[in-house]
Amino acid sequence: MNVPELSPPARLLLGPGPSPVHPRVLRAMSTPLLGHLDPKFLEIMNEVQAQLRGVFRTENPFTIAVSGTGSAGMEAALVNVVEPGDTVVVVAAGVFGNRMADIVGRCGAKLVKIEIPWGETCDLGRIEEALKAERVKAVGLVHAETSTGAHQPLEGLGKLCHAHGALLVADTVTSLGGVPVEVDAWGIDACYSGTQKCLSCPPGLAPLTLSARALDVVRARKTKVQSWYLDASMIADYWAEGKRAYHHTAPISMVYALREALRLVHEEGLEARFARHRRHSAALMAGLAALGCAPQAQEGRRLPTLNCVKVPAGIEEAPVRKALLLEHGIEIGGGLGPLAGKVWRIGLMGEGARQESVLVVLAALEQALAKQGKAPKPGTATSAALEVYARG
Ligand SMILES: *Cc1c(COP(=O)(O)O)cnc(C)c1O
C-alpha cells in the first residue's frame, strides 16, 4: 500500500505523557547508528549511566535504561525482586498503584494492598502496620500518581522498610526530572522511571536503578526471573563495564535521545528545573481555579508536573478536550477509572512546563467552556495566571 510521507500535525502535548520533545533530542535521534557493541556506543552507555545517577541522586552502580516504556521499568523493578510465595505490600491510590499490584500478583506473590482514595496519599503509619503484621519482601508505591495528580512523600520510608527487612520499590515515572527524587537519601532500593514524562524524551526507555540491597535479593533468588527480557542479572552483564555481553540489541536511537534529554536536564540544573515546574503549575492552577476547576489531589500533596482538576458542574468534559485538540492543537488528558468524565489532567512536564503552554491552554479552555455557556469573562483565567507570574 502507498501511503503519503509522514507529516503529523503539530501538537502541544500537555496531557499525562508523552510530553513535548526538545529539537536537540529529535536531532540526536536522527544521527547515524552505531552497533550495540561498538566501543563508541559502550562509551555512550557509560555517559548515560552517569547522567542517570545524577538525576536519580544515587551512587548505585546498577543504574541503566531498560528497553521499553515506563511500564517495562515497573515490571523490571518488580519481577526481579519478587518471587512466588513472597508477601508484597502495594499502596494503590490510582491507576499506576493498581498496575503494580497486578504485576505483583502475576509474580505469584501474596499481595497486601493498601487502598487509598484517589487523590489522597498514604501515611507512613499505615505502611508500618502492614510491615509489622507479617514478613514482607517489598513495599511498592507510586511517588507521582499520574491518574490523580497526588504527590506521595517518600522521606523516611526506606529506613522503615529496611528496619523490617523489606525493600522499597518506587515509581518515579512522573516525578524524575520534575520534582525531587532522592534515591539514596530516601533509601529506595528499586526505582524506575520513563523517558516520556518529565525528561521530555520520546517513550521507549525506562531508567532503572537498583541498590546493593536489591541486588543481593536478586542474587539470592531461588527461582529464575519470570521474564527473560527483563532479567536484571542478564541485563547487568550488558551494561556492566568490562562484561558487555550481548543480551538484546539496545534501542540505539533511543539511547541517543535519552543522552541528549539528560544533557538538557543537567544544563538547566535539577533545582532550577524543579522551581520551573512549581512556578508554571502555580500559574496554571490559579487560572484553572478562575474557571471553577477545583484540584483533585489533597492540599499540600499536589504534583506540579500533573495538574488534575475536577470538571466544573454542568460541563461535558469530552467535547472540551476534543475542541482543544482539533481547534487549538493542544492535548490534555481526561480521567481514568473512577475519575473518567470527572477530571482533566494537564501535564506540565519537562519542555511543556512553560509560560506559553500555561497561557495558551487556559485561553483555549476559556473558549471551550464559553461554548457550553459556562465561562467567566474572557481573559479571567489567563489574567489569574499572569498575576502569579507577576509575583515572580
Ligand atoms: C506513564 C506512567 C507509567 C507507565 O509508563 P508507560 O510509558 O505508559 O509505559 C507508570 N507509572 C506512572 C506513574 C506513569 O505516569
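Here the structure is a predicted model, which is why all the values come from computation and not from measurement.

A. Summary view of the sheet that holds strand 14 (residues 343-347). With antiparallel pairing, the three strands of this open sheet are ordered in space as 11-14-13. At either margin of the open sheet sits one strand with a lone partner, and together these are strand 11 (306-310) and strand 13 (333-334). Against the sheet, helix 11 (residues 270-290) touches strand 11 and strand 14, its axis set at about 10° to strand 11. Against the sheet, helix 12 (residues 317-328) contacts strand 13 and strand 14, and its axis sits at roughly 30° relative to strand 14.

B. Representation of the site of the ligand within the structure. Around the ligand, the structure places 13 residues, and the nearest of them are Thr69, Ser71, Thr146, Gln196 and Lys197. At 3.0 Å, a side-chain N or O of threonine 174 approaches an oxygen atom of the ligand. Contacts to the ligand include glutamine 196, whose side-chain N or O atom sits 2.6 Å from an oxygen atom. For the ligand, the accessible surface in isolation is 380 Å², of which the surrounding protein chains cover 90%.

C. Representation of unusual backbone geometry. Residue proline 18 follows glycine 17 across a cis peptide bond; omega there is 0°. Inspection of the secondary structure puts proline 18 in the loop between strand 1 (12-13) and helix 1 (23-29). Unlike most non-glycine residues, arginine 57 shows phi in positive territory, near 50°. Mapping arginine 57 onto the fold places it in the loop between helix 2 (39-56) and strand 2 (63-67).

D. Focus on the side chain of aspartate 86. Secondary-structure assignment places aspartate 86 in the loop between helix 3 (70-81) and strand 3 (87-92). Judged by relative accessible area, aspartate 86 falls into the buried class, the value being 15%. Among the polar contacts made by the side chain of aspartate 86, one reaches the main-chain amide nitrogen of glutamate 83 at a distance of 2.7 Å. In contact with aspartate 86, other than residues within four places in its own chain, are Val81, Ala109, Lys110 and Lys137.

E. Molecular detail of the domain arrangement of the protein chain. Partitioning the protein chain into domains gives domain 1 (23-266) and domain 2 (269-390). A straight line from the C-alpha centre of domain 1 to that of domain 2 covers 29 Å. Contacts between the two partners involve 28 residues from domain 1, matched on the other side by 24 residues from domain 2. Between domain 1 and domain 2, the buried area comes to about 2200 Å², and carbon and sulfur atoms account for 60% of it. Put simply, domain 1 and domain 2 have one salt bridge between them. At the boundary of domain 1 with domain 2, the tally comes to 14 residue pairs in polar contact (both at pLDDT 80 or more).

F. Inspection of the packing of helix 2 against helix 10 (residues 252-268) at higher detail. With their axes 10 Å apart at the nearest point, helix 2 and helix 10 run at an angle of 40° to one another. On the basis of their axis angle, the class for helix 2 and helix 10 is oblique. Judged by the sense of rotation from one axis to the other, the crossing of helix 2 with helix 10 is left-handed. Touching Phe41, Ile44, Glu47, Val48, Gln51, Leu52, Gly54 and Val55 of helix 2 are Ile252, Val255, Tyr256, Leu258, Arg259, Leu262, Arg263, Val265 and His266, all from helix 10. For the contact of helix 2 with helix 10, the per-class residue count stands at 11 nonpolar, three polar and three charged.

G. Looking closely at the nonpolar core. Within the largest apolar cluster, 94 residues are counted, with the highest numbers of intra-cluster contacts made by Phe41, Ile127, Val169, Leu208 and Leu258. Sorting elements by how many residues they give to this core places helix 10 first, with 10 residues. Apart from the residues lying within four places of it in its own chain, the contact partners of isoleucine 127 are Val91, Ile114, Cys122, Val139, Leu141 and Leu157. Leu14, Ile315, Val320 and Val388 belong to the second-largest nonpolar core, a separate cluster that totals 30 residues.

H. Main features of the pairing of strand 8 (residues 167-171). Across the five residues that make up strand 8, a large majority, five, are buried. Here strand 8 shows no split at all, with Leu167, Val169 and Asp171 on one side and Leu168 and Ala170 on the other all buried. Pairing of strand 5 (residues 138-142) with strand 8 involves five bridges; the strand directions are parallel. Residue pairing for strand 8: valine 142 is matched across the bridge by aspartate 171. Sheet analysis places strand 8 next to strand 9 (residues 190-192), joined by three bridges and oriented parallel. Bridged to valine 169 within strand 9 is alanine 190.

I. Layout of the sheet that holds strand 4 (residues 110-115). Read from one edge of the open sheet, seven strands run 2-10-9-8-5-3-4, paired in mixed fashion. The open sheet terminates on both sides in strands that have one partner only, identified here as strand 2 and strand 4. Going across the sheet, the axis of each strand differs from the next one's by a mean of 20°, ignoring polarity.

Scoring rules and cut-offs
- Residues numbered from 1 in each chain as written.
- Predicted model: local features only at pLDDT ≥ 70, side-chain atom pairs only at ≥ 80, totals over all residues.
- Heavy atoms only, no water.
- Pairing = 2+ DSSP bridges.
- Helix = DSSP H or I, 4+ residues; strand = E, 2+ residues; numbered from the N terminus.
- Contact = heavy atoms within 4.5 Å.
- Axes fitted to C-alpha atoms, helices over the stretch in contact; angles between N-to-C directions.
- Near = heavy atom within 4 Å.
- Polar contact = N/O pair within 3.5 Å; in protein donor to acceptor, adjacent residues only side chain to side chain.
- Areas by Shrake-Rupley, 256 points an atom, 1.4 Å probe, with all protein chains shown as cover.
- Buried < 20%, exposed > 50% of the residue type's maximum accessible area, 1.4 Å probe, protein only.
- Domains from an automatic or database assignment.
- Buried area = accessible area lost by both parts, 1.4 Å probe.
- Salt bridge = Lys/Arg side-chain N within 4 Å of Asp/Glu carboxyl O.
- Parallel < 35°, antiparallel > 145°, perpendicular 65-115°, else oblique.
- Left-handed = near helix turned anticlockwise from the far one by under 90°.
- Nonpolar A, V, L, I, M, F, W, Y, C, P; charged D, E, K, R; others polar.
- Core = buried A, V, L, I, M, F, W, Y, C linked by side-chain atoms within 4.5 Å.

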